[in-house]
Amino acid sequence: MEICQNSLLKLKAQLDHRPQQRKPGDEGSTVTPIIEQLLETLNFGHLDRIPLFKVNSNPNRKTDIACRYPDAAGNRFFTQQQDPLLLVEIKATKCQLSPDHKDYWETLRQLKEQLLGSRSTSTQFGLISNGWVLQLFRRHDKIIHPITPILELESDAVEHLAERLLNIIQSPRKGTIIGVYNNKGGIGKTTITTNLGIVLAQQGKKVLLVDFDPNQADLTHLFEFQAVEGHVWNFLKGDCPLNTVIKQYSQNQGKNKVKLDVIPAEGKFLELSDLRISQDIRLEYLRKQLVEAARDYDYILVDMPPNWRWFSQAGVLASDVLLVPANHIDRLSLQNLEELVIKFLPQIEEWRAEINDSPVSLLPLVLNRYQRTEAQARNCKSFLDKIISQNPQWKETFTHFFYTGNTWMGMGTKWLELPYLVEICRSPLESPRFVPAPLKYKKAKQAYESLIREVFTDV
Ligand SMILES: Nc1ncnc2c1ncn2[C@@H]1O[C@H](COP(=O)(O)OP(=O)(O)OP(=O)(O)O)[C@@H](O)[C@H]1O
Ligand SMILES: [Mg+2]
């Protein structure tokens with residue numbers, strides 16, 4: 001399907017004649033007609049759009065416009081008002097849709113609530129716009145992340161923009177790429193990558209783990225895999241298909257088999273400097289290959305080294321979302337969150353913009369090896385609050401990263417926790433063969449399941 005040229009011409013004219021003065025409360029008069037025209041351009045006809053669509057049983061929770069293309073039998077959305085594909089949240093022209101402004105986060109909060117509504121379980125995309133800029137988000141299970149940068153709505157660029165949106169909406173990918181990263185060593189990156197992957201696989205998801213820490217290669221050693229020399233190198237360059245680098249892990253669980261795939265770390269990288277590697281392998285090659293692999297996998301988890309050099313940069317650059325573990329009594333692991341948000345991620349955003357890609361977004365902070373005592377939790381919270389207060393221009397980003405819920409110890413805030421469990425640290429040592437802790441220990445399984453329920457799926 002191609003964009004509708006007739007509608008495009010009308011859309012360009014509308015954009016050229018937008019009132020220059022931005023006014024509060026003009027979403028109905030100014031922005032809605034522009035967005036409706038854009039949706040027409042994307043081939044959502046009159047019968048494919050429903051205004052004020054109820055996303056759940058609460059009659060006050062409505063999305064501004066919901067859309068769905070006709071199904072295989074030709075049924076139109078208007079006559080069968082279910083399973084929307086795209087939800088649109090329309091804002092007034094004065095609403096500031098930029099991440100340094102609270103308007104953006106409030107709009108995102110609304111969009112997320114709508115995308116997770118009981119009548120939008122099949123919805124894959126959400127769009128926000130104030131008539132001057134727009135951003136498209138992708139929803140996979142409970143994860144919602146940007147799939148485009150914030151794009152300007154300008155008449156001379158709108159054809160390209162509409163083609164881009166149509167392309168994404170018409171060939172949605174299946175999976176999500178999750179980078180597991182903190183600059184601090186020994187915080188649980190490899191353990192979380194492994195165990196989260198296993199529990200997702202247990203829940204029937206198709207999972208790929210990537211060991212992108214060749215220096216330690218912990219994940220590869222855990223599973224006792226050995227990469228064939230040169231294969232990962234060639235895969236990253238696009239000279240070798242994915243199946244040549246994959247090792248399979250499987251473990252019987254009663255009548256079932258839990259399976260996942262792993263791209264092991266390769267020794268070849270160890271012998272070469274970052275400079276030498278980057279001469280042959282561009283930083284964005286991993287992203288390119290993993291986006292392709294995400295057509296087939298539900299979840300791709302990338303384990304990274306505790307530094308900010310070639311492998312961690314390429315790993316973060318490859319991710320749709322980042323899962324950042326820290327520890328509540330490890331000051332450096334918390335301090336690093338500041339550097340990540342104000343130094344590393346803007347750098348990544350620039351690189352992603354150069355390849356015309358969306359920004360990476362942060363999953364809620366996960367405090368790993370958590371053993372709650374009230375005093376420690378308070379200290380940790382004061383430390384995080386200090387980071388927020390010292391960086392007023394990043395206030396919204398930090399607040400949404402650190403605190404995602406409403407009911408934590410009566411303080412009005414909440415982070416995610418993975419408890420300290422001796423079963424988790426013991427299992428890599430147990431013989432004769434490594435079996436990830438959640439496959440052996442109920443407590444470990446439950447801990448990861450509860451994290452998955454909070455962030456990933458409702459299973
Ligand atoms: N929830 C947990 N409970 C108990 N022990 C844990 C937990 N999570 C991780 N560990 C233990 O913490 C140690 C460090 O974990 P891991 O190797 O995963 O960290 P890492 O961040 O990958 O380290 P590196 O930065 O060196 O790659 C390991 O011994 C692991 O078994
Ligand atoms: Mg590790």
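Since we're looking at a predicted model, the values are computed, not measured.

## Here's the deal with the site of ligand 1
- In the vicinity of ligand 1, 18 residues are found, and the nearest of them are K189, T190, T191, P306 and C425.
- Mapped onto the shell around ligand 1, the elements with two or more residues apiece are α5 (189–202), β16 (366–370) and α14 (422–426).
- Sorting elements by how many residues they give to the shell around ligand 1 places α5 first, with three residues.
- Among the residues forming the shell around ligand 1, the class breakdown is seven nonpolar, seven polar and four charged.

## Regarding the sheet that holds strand β15 (residues 361–362)
- Sheet architecture is open: seven strands sit in the order β10-β11-β9-β12-β8-β13-β15, paired in mixed fashion. Since the sheet does not close on itself, it has two edges, and those belong to β10 (247–253) and β15, each with one partner.
- In this structure, strand β9 (residues 207–211) lies alongside strand β11 (residues 256–263), joined through three bridges in parallel fashion. Each bridged residue has a counterpart across the sheet, and for V210 the counterpart in β11 is I263.

## Re helix α16 (residues 442–455)
- Counted at 1.5 Å a residue, the expected span for α16 with its 14 residues is 20 Å, and the 20 Å between its end C-alpha atoms agrees.
- Residues of α16 that are buried include every one of A444, A447, Y448, L451 and I452, and no others. Projection of α16 onto a plane perpendicular to its axis shows the buried side chains occupying an angular sector of 135 degrees, all on one side. Those residues of α16 that are exposed and aimed more than 90 degrees away from the buried face are K442 and R453.
- Where α16 is buried, its residues touch α5, β16, β17 (416–419), α14 and α15 (437–440).

## Observations regarding the domain arrangement of the protein
- What the domain assignment lists for the protein is domain 1 (5–170) and domain 2 (176–369 + 422–455).
- Put simply, the middle of domain 1 and the middle of domain 2, counted by C-alpha atoms, are 33 Å apart.
- Between domain 1 and domain 2, the residue contacts involve eight residues of the former and eight residues of the latter.
- Residue contributions to the side of domain 1 that touches domain 2 peak at three residues, all from strand β6 (residues 143–146).
- The residue inventory of the side of domain 1 that touches domain 2, partitioned by class, reads four nonpolar, three polar and one charged.

## So, the pairing of β11
- Taken together, the seven bridges between β10 and β11 define a ladder with antiparallel strand orientation. Bridge assignment links K247 to a residue of β11, and that residue is V262.
- Joining the antiparallel neighbours β10 and β11 is a turn of two residues, in which G254 adopts a positive phi near 60 degrees.

## Section: the nonpolar core
- Core analysis: the biggest nonpolar cluster contains 81 residues, and I300, V302 and V324 have the highest contact counts within it.
- With residues near it in sequence (within four places) discarded, V302 still touches I177, G179, V180, V210, F212, G315, A318 and S319.
- If you look at the next biggest cluster of nonpolar residues, it comprises 37 residues, including F44, F53, L86 and L87.

## Some points on unusual backbone geometry
- The backbone of A217 sits at a positive phi, close to 50 degrees, despite the residue not being glycine.
- By secondary structure assignment, the location of A217 is in the loop between β9 and α6 (218–222).

## Describing the environment of F434
- Considering the arrangement of structural elements, one finds F434 in the loop between α14 and α15.
- Judged by the 16 C-beta atoms lying within 10 Å of it, F434 falls in the partly exposed class.
- Residues F434 and Y69, 365 residues apart in the sequence, show an inter-C-alpha distance of 48 Å.
- When near neighbours in sequence (up to four residues on either side) are disregarded, F434 contacts L222, F223, E224 and P428.

## A short note on the sheet that holds strand β14 (residues 325–326)
- Strand order in the open sheet formed by three strands is β14-β16-β17, with parallel pairing between adjacent strands. Only two strands of the sheet have a single neighbouring strand rather than two, namely β14 and β17.
- Judged from the three bridges that link them, β16 and β17 form a sheet pairing that is parallel. By the bridge assignment for β17, Y370 is matched with P419.
- Against the sheet, α16 makes contact with β16 and β17, and its axis sits at roughly 170 degrees relative to β17, the strand it touches most.

## Topic: the packing of helix α12 (residues 374–390) against helix α13 (residues 395–402)
- Closest axis-to-axis distance for the α12/α13 pair is 8 Å, and the angle between their directions is 160 degrees. When the axis of α12 is compared with that of α13, the two are roughly antiparallel. Note that α12 runs across α13; the crossing there is right-handed. Of α13, the residues touching α12 (which contributes L384, I387 and I388) are K395, F398, T399 and F402.
- Residues that form the contact of α12 with α13 fall into these classes: five nonpolar, one polar and one charged.

## Remarks on the confidence of the model for the protein
- Per-residue confidence for the protein averages 93 on the pLDDT scale, and 98% of its residues sit at or above 70.
- The low-confidence segment residues 406–412 (pLDDT under 50) makes seven contacts with residues lying over four places distant or belonging to another chain.

Cut-off values and rules
- Residues numbered from 1 in each chain as written.
- Chains lettered and ligands numbered in written order.
- Predicted model: local features only at pLDDT ≥ 70, side-chain atom pairs only at ≥ 80, totals over all residues.
- Near = placed C-beta within 6 Å.
- Helix = DSSP H or I, 4+ residues; strand = E, 2+ residues; numbered from the N terminus.
- Nonpolar A, V, L, I, M, F, W, Y, C, P; charged D, E, K, R; others polar.
- Pairing = 2+ DSSP bridges.
- Expected span 1.5 Å × (residues − 1).
- Buried ≥ 20, exposed ≤ 12 C-beta atoms within 10 Å, placed from the backbone.
- Arc of directions from axis to C-beta.
- Contact = placed C-beta atoms within 7 Å.
- Domains from an automatic or database assignment.
- Core = buried A, V, L, I, M, F, W, Y, C linked by C-beta atoms within 7 Å.
- Axes fitted to C-alpha atoms, helices over the stretch in contact; angles between N-to-C directions.
- Parallel < 35°, antiparallel > 145°, perpendicular 65-115°, else oblique.
- Left-handed = near helix turned anticlockwise from the far one by under 90°.
- pLDDT = per-residue confidence, 0-100.

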